[in-house]
Amino acid sequence: MKKQNAMLIIFASFFKSGFKAKRMRVFILLSLIPVVLMLAARVMETAGSLVADASADFFAKVMLVLYFQLLIPVLALFFGSTIVNEELDNKTLVYLTTVPVSRRAVLLGKYLAAFLQAALLVGGGFLLCFLASALTRLGEAAAWEELAVFLGTALLALFCYSSLFTAAGAFMKKSVLIGLFFVFGWESVVQYFPGVTQKFTIIHWIKSLLPVPPGEGGFLIFQLQPSPALESVLMLLGAGFVFLFLAVFIFERKEYILSDNA
Amino acid sequence: MTAVLKAEKLSKWYGNILGISDINLEIGSGITGLLGPNGAGKSTFLKIAAGLLKPKIGSLTVFGAAVFGNHQLFRRIGFCPEHDSAYMEMSGWQFILLLARLHGFAGNEAGARSEKALDTVGLLDSKDREIKGYSFGMRQRLRLASSILHEPEMLMLDEPLRGVDPLWRIKIIKLIKDYGKQGRTVIISSHILPEIEAMTSEIVLIHQGKIFAKGDIHRIRGLIDSHPHQVSIRCLQPRQLAQKLIDSDFVLSVDFDKDGHSLTVKTNQRDLFFTVLIGLIAESGLEIEEITSPDDNLQAVFDYLIGK
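Bear in mind that the values here come from a model prediction, so they are computed numbers and not experimental data.

Rules of the game
Residues numbered from 1 in each chain as written. Chains lettered and ligands numbered in written order. Predicted model: local features only at pLDDT ≥ 70, side-chain atom pairs only at ≥ 80, totals over all residues. Helix = DSSP H or I, 4+ residues; strand = E, 2+ residues; numbered from the N terminus. Buried ≥ 20, exposed ≤ 12 C-beta atoms within 10 Å, placed from the backbone. Contact = placed C-beta atoms within 7 Å. Pairing = 2+ DSSP bridges. Nonpolar A, V, L, I, M, F, W, Y, C, P; charged D, E, K, R; others polar. Axes fitted to C-alpha atoms, helices over the stretch in contact; angles between N-to-C directions. Core = buried A, V, L, I, M, F, W, Y, C linked by C-beta atoms within 7 Å.

1. Overview of the overall build of chain B
Then comes step 1: When you go through chain B residue by residue, the secondary structure sums to 10 helices and 14 strands.
Then comes step 2: Overall, chain B is about 75 × 45 × 35 Å in size when its C-alpha atoms are taken along their principal axes.
Then comes step 3: Looking at chain B as a whole, 40% of its 308 residues qualify as buried.
Then comes step 4: Contacts spanning at least 24 positions in sequence make up 67% of the contacts within chain B whose residues lie at least 6 apart.

2. Here we look at the environment of S201 of chain B
Then comes step 1: Positionally, S201 of chain B belongs in the loop between α6 (193–199) and β9 (202–207).
Then comes step 2: Residues in contact with S201 of chain B, not counting those within four places in the same chain, are D216 and I217 of chain B.

3. Quick word on the pairing of strand β13 (residues 262–267) of chain B
All names here are of chain B.
Then comes step 1: Where strand β11 (residues 229–235) meets β13, six bridges bridge the pair, whose relative direction is antiparallel. Paired with Q230 across the bridge in β13 is K266.
Then comes step 2: Alignment of strand β12 (residues 251–256) against β13, held across five bridges, turns out to be antiparallel. Residue pairing for β13: F256 is matched across the bridge by L263.
Then comes step 3: The turn joining β12 and β13, which pair antiparallel and follow one another in sequence, is formed by five residues; a positive phi near 75° is taken by G260.

4. So, the interface of chain A and chain B
Then comes step 1: Between chain A and chain B, the contact holds 25 residues from the first and 34 residues from the second.
Then comes step 2: For the side of chain A that touches chain B, the class distribution of residues is 12 nonpolar, eight polar and five charged.

5. Thoughts on the sheet that holds β12 of chain B
Residues and elements named next belong to chain B.
Then comes step 1: Taken together, four strands build an open sheet; the order of strands is β12-β13-β11-β14 and the sheet is antiparallel. A strand with exactly one partner marks an edge of an open sheet, and here the two such strands are β12 and β14 (288–292). For this sheet, the mean angle separating the axes of adjacent strands, direction not counted, is 20°.
Then comes step 2: Across the sheet, helix α8 (residues 238–246) touches β11, β12 and β13, and the angle it forms with β12 is around 170°.

6. Points about the nonpolar core
Then comes step 1: Ranked by internal contacts, the top residues of the largest apolar core, which has 148 residues, are I72 and L158 of chain A.
Then comes step 2: Of the residues forming this core, the biggest block, 17 residues, is contributed by helix α3 (residues 54–89) of chain A.
Then comes step 3: Beyond its immediate stretch of four places on either side in the chain, I72 of chain A contacts Y67, V122, A154, A157, L158 and Y161 of chain A.
Then comes step 4: Among the nonpolar cores identified, the runner-up in size contains five residues, and V231, I233, L241 and V251 of chain B belong to it.

So, in structure tokens, the structure goes:
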């Protein structure tokens, strides 16, 4: 069977069944938190409890941090690392590795399904938040351009983090713990280091793409020394593909022990 | 015998834990039973043969090729794992159809193959139920369906009867025997002797990661020269018969059973014993009702081999 066919069969099957998984309900709730917060800000602004444009300010200052530093990495971590680990925990890997389909097609098919699921959660929530914040300027082209940049950056971020955590999940069983340390340790701290050190984080390249003028983003761009946009896009794409290649490389060669060996 | 599966100096361990050690084995067509207690190394052997694990030392080939990373081989191999695992959110139909499509069957053929496999294991009526709603035995049958849907030339079944109800046990045994009769290669692992005995007399005994014996159950029994064979004879004059046997060097002991109509003889030369016994019966005119060999079964062979 052609690799693409097998990959698409696996993608379609796992994309569909993924929405029935219990953890998906948790992720849907998680992705709705920013939407609820944003709607609350909008309602308060409309009711006069907040000053005019407070919801737009709230979006720039809080929502972007919430999405890019919390929701996207965490969703990518759980979706990416479970691509292989879930198969090991449930001992189902045996079914995908004893069919005439390459391991590459198996991993990429599952990766595509997980990425699209996470992208729908992030993109859907993000769109609702944006609409709530930019309600008064939806007729302006600039608002939609802003949205395109936000969404594009969100997808790039999701791609890069998901690929990294897929590789980590293919390599080790406790990758979620390592991933949490990476997201809330390394990424959170090193991004504020001066000079080139912050370029060793993924969040540096993501923030470099966000259209927030220096000095106005407050916490989000604290001590950020942004890299050029094109360089940032290429870095995120390049790193994402390298991590994905690494994930495939590991998955093709590693033997996975499904315990209870007798 | 043309070997379908060939293992040479095959060893595998997990850290410091031994899986299997120095296994040399050839398996051809027909049914072969892999027999040993839990932890003996049966599953490790099958997992290497199914390409799930890599050999640490030595090699294992199926149809002349190494299995790990050789996904094309699975057009010809079917594997039924021991674990109670499946994609629980899928229905039985979705699960089997997915595997049929991954085996390269498209459209109607994938549907027909899936239907046939589910029908064979009696799950066609429950095909639309989610797997998590299946009983343990139903999931076991579903795993069996997943391994036979592409009608492989070689079928490997790891504890296939575990958790299956008696009625389906009989049907599955028949299915496996039919596979063997068709000239396919079937390898079944089990730690339950009667299960294996019901399907084949060709066995491989594994214990502590090593092969203790291989071949027909009776031939294996013959290999154990050091251990006395027991022969139980039911007759009207057991003490008279014992008198005639006791002088022979190959008779090690004679025990009389409580019923007073039978005796059990231990001999270290089974064939010679039977030759002499037949001569004695013909010569003396003793009436023999029954001759049985109580230890000529898998349990006895297995117990002797592992030194119980």
